[in-house]
Amino acid sequence: MKILTLTGAGISAESGIPTFRDANGLWEGHRLEDVATPEAFQRDPDLVHHFYNERRRQLQHPSIEPNPAHFALAEFEHQHQDEFLLVTQNIDNLHRRAGSQRIVAMHGELLKARCIDSGAIFDWTDDLNRSTVHPGNPDSVGRLRPHVVWFGEMPLGLDEIHEAAAEADLFIAIGTSAVVYPAAAIVEWTQASCRRIEINLDATPRSPMFDQSIRGKASVEVPKFLASLR
Ligand code: BJW
């Protein structure tokens, strides 16, 4: 049985990382669309760096840890190996820290930086700003950006996601509001024979596409649902 799982911000909410839209999508009074676009970065790089620097620091705070939903998915992958692919929209590293290995981080990773000029990607735990020096080129200053996917940019790993969706016997969407594309459309890329399960606190615009909608907290419902498959 081939299983494809898609996670969103809701799975990390109980680990202490705020979701995007539950708080009206606002950050310090800015709309998400005003800080998570290439245009915003061009217009006001300081603001955008500040947004990601805050989140990068928060992610590395000792209180932020994977929760039982992350651990249950990692354990499930361990049991199902090649049959299982985890696609996450989250840029945090909680799936990895819980032990998941086969992960497609389709919206990038907060603990990585990317050179605007060469596309080279670096592990990155510090703040970024307009004075940041390129690790491999001291003459290049202020040319690093967060390795994340902003609105209008192409998400990562789409070919692999497409293929996994087309082959999936079971698709599980966890903690995503299903309003951001193309992630919201992955459910449509699955075959009619695929069993589709949604786990979320609330209904989403895509709920009607699922065979079963499980309402509740990811930390409770994900371990319960995965255990029911054994
Ligand atoms: C719980 C819970 C608990 C809470 N337990 N549940 C018009 C129509 C259609 C599309 C477009 C359009 N205009 C523009 C577009 C395209 C655009 C888009 O979708 N815009 C929409 C807003 C309309 N998309 C793009 O631009 C994408 N690129 C693209 O389309 O390229 C072209 C292309 C074409 C064709 C094929 C392929 C490509 C790029 C999108 C990039 C999104 N980037 C962000 C920021 C990443 C970096 C960062 O983190 O800062 O990604 S935006 C933000 O939203 C972030 C998230 O990954 C993403 C999704 O959010 P998510 O995860 O669903 O979180 P929430 O907060 O929305 O929902 C949480 C859910 O959890 C809720 O439902 C809660 O109920 C639930 N929950 N606690 C269980 N404890």
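Residues numbered from 1 in each chain as written. Predicted model: local features only at pLDDT ≥ 70, side-chain atom pairs only at ≥ 80, totals over all residues. Heavy atoms only, no water.

- As recorded in an unreviewed UniProt entry, the protein chain goes by NAD-dependent protein deacylase and comes from Novipirellula aureliae.
- We quote the UniProt Sequence similarities (unreviewed entry) comment for the protein chain here in full: "Belongs to the sirtuin family. Class III subfamily." (UniProt positions renumbered as here; feature names shortened; annotations may be inferred.)

1. Points about the UniProt feature "active site" (unreviewed entry) in the protein chain
Phase 1 of the analysis: Mapped onto the present numbering, the UniProt feature "active site" (unreviewed entry) falls at H107.
Phase 2 of the analysis: Position of H107 relative to the elements: it lies in the loop between β5 (103-105) and β6 (108-115). (Helix = DSSP H or I, 4+ residues; strand = E, 2+ residues; numbered from the N terminus.)

2. With respect to the packing of helix α5 (residues 68-80) against helix α9 (residues 218-228)
Phase 1 of the analysis: Interaxial distance between α5 and α9 falls to 7 Å at its minimum, and their mutual angle equals 20 degrees. As far as their axial angle goes, α9 and α5 are roughly parallel. Between α5 and α9 lies a crossing of left-handed hand. Counted together, P68, A69, A72, L73 and F76 of α5 and A218, S219, V222, P223 and L226 of α9 form the full contact between these two elements. (Axes fitted to C-alpha atoms, helices over the stretch in contact; angles between N-to-C directions. Parallel < 35°, antiparallel > 145°, perpendicular 65-115°, else oblique. Left-handed = near helix turned anticlockwise from the far one by under 90°. Contact = heavy atoms within 4.5 Å.)

3. Examining the domain arrangement of the protein chain
Buried accessible area, meaning the area lost when the parts come together, often serves as the stated size of an interface.
Phase 1 of the analysis: Once the domains are mapped, the protein chain shows domain 1 (1-17 + 66-107 + 155-229) and domain 2 (18-63 + 111-148).
Phase 2 of the analysis: Using C-alpha coordinates to define each centre, domain 1 is positioned 25 Å away from domain 2.
Phase 3 of the analysis: Taken over both partners, the interface formed by domain 1 and domain 2 buries close to 990 Å², and the fraction arising from carbon and sulfur atoms is 64%.
Phase 4 of the analysis: When the area that domain 1 buries against domain 2 is broken down by residue, the three leading residues are A9, I17 and I91, summing to 44%.
Phase 5 of the analysis: Our count for the contact surface shared by domain 1 and domain 2 stands at 0 salt bridges. (Domains from an automatic or database assignment. Buried area = accessible area lost by both parts, 1.4 Å probe. Salt bridge = Lys/Arg side-chain N within 4 Å of Asp/Glu carboxyl O.)

4. A few points about the sheet that holds strand β12 (residues 195-200)
Phase 1 of the analysis: In space, the 6 strands of this open sheet follow the order β5-β4-β1-β11-β12-β13, with parallel pairing throughout. In the strand order of this sheet, the two ends are held by β5 and β13 (212-215), each with one partner. For this sheet the average axis-to-axis angle between neighbouring strands, irrespective of direction, equals 15 degrees.
Phase 2 of the analysis: Pairing geometry for strand β4 (residues 84-88) and β5, over 3 bridges, is parallel. Considered in β5, the bridge of L86 is made with I103.
Phase 3 of the analysis: Packed onto the sheet, α9 meets β11 (170-174), β12 and β13 and runs at close to 155 degrees relative to β12. (Pairing = 2+ DSSP bridges.)

5. Quick look at the site of the ligand
Phase 1 of the analysis: Taken together, 38 residues lie near the ligand, and R21, R55, G152, S177 and Y181 sit nearest.
Phase 2 of the analysis: Within the side chain of E14, one N or O atom sits 2.8 Å away from a nitrogen atom of the ligand.
Phase 3 of the analysis: In the model, an oxygen atom of the ligand is placed 2.6 Å from a nitrogen or oxygen of the R55 side chain.
Phase 4 of the analysis: In isolation the ligand exposes 1,500 Å². Once the protein is present, 77% of that is buried.
Phase 5 of the analysis: Elements represented by at least two residues in the shell around the ligand include exactly α1 (10-13) and α4 (45-59).
Phase 6 of the analysis: Partitioned by chemical class, the residues of the shell around the ligand number 20 nonpolar, 11 polar and 7 charged.
Phase 7 of the analysis: No fewer than three residues from each of domain 1 (1-17 + 66-107 + 155-229) and domain 2 (18-63 + 111-148) sit in the shell around the ligand. (Near = heavy atom within 4 Å. Polar contact = N/O pair within 3.5 Å; in protein donor to acceptor, adjacent residues only side chain to side chain. Areas by Shrake-Rupley, 256 points an atom, 1.4 Å probe, with all protein chains shown as cover. Nonpolar A, V, L, I, M, F, W, Y, C, P; charged D, E, K, R; others polar.)

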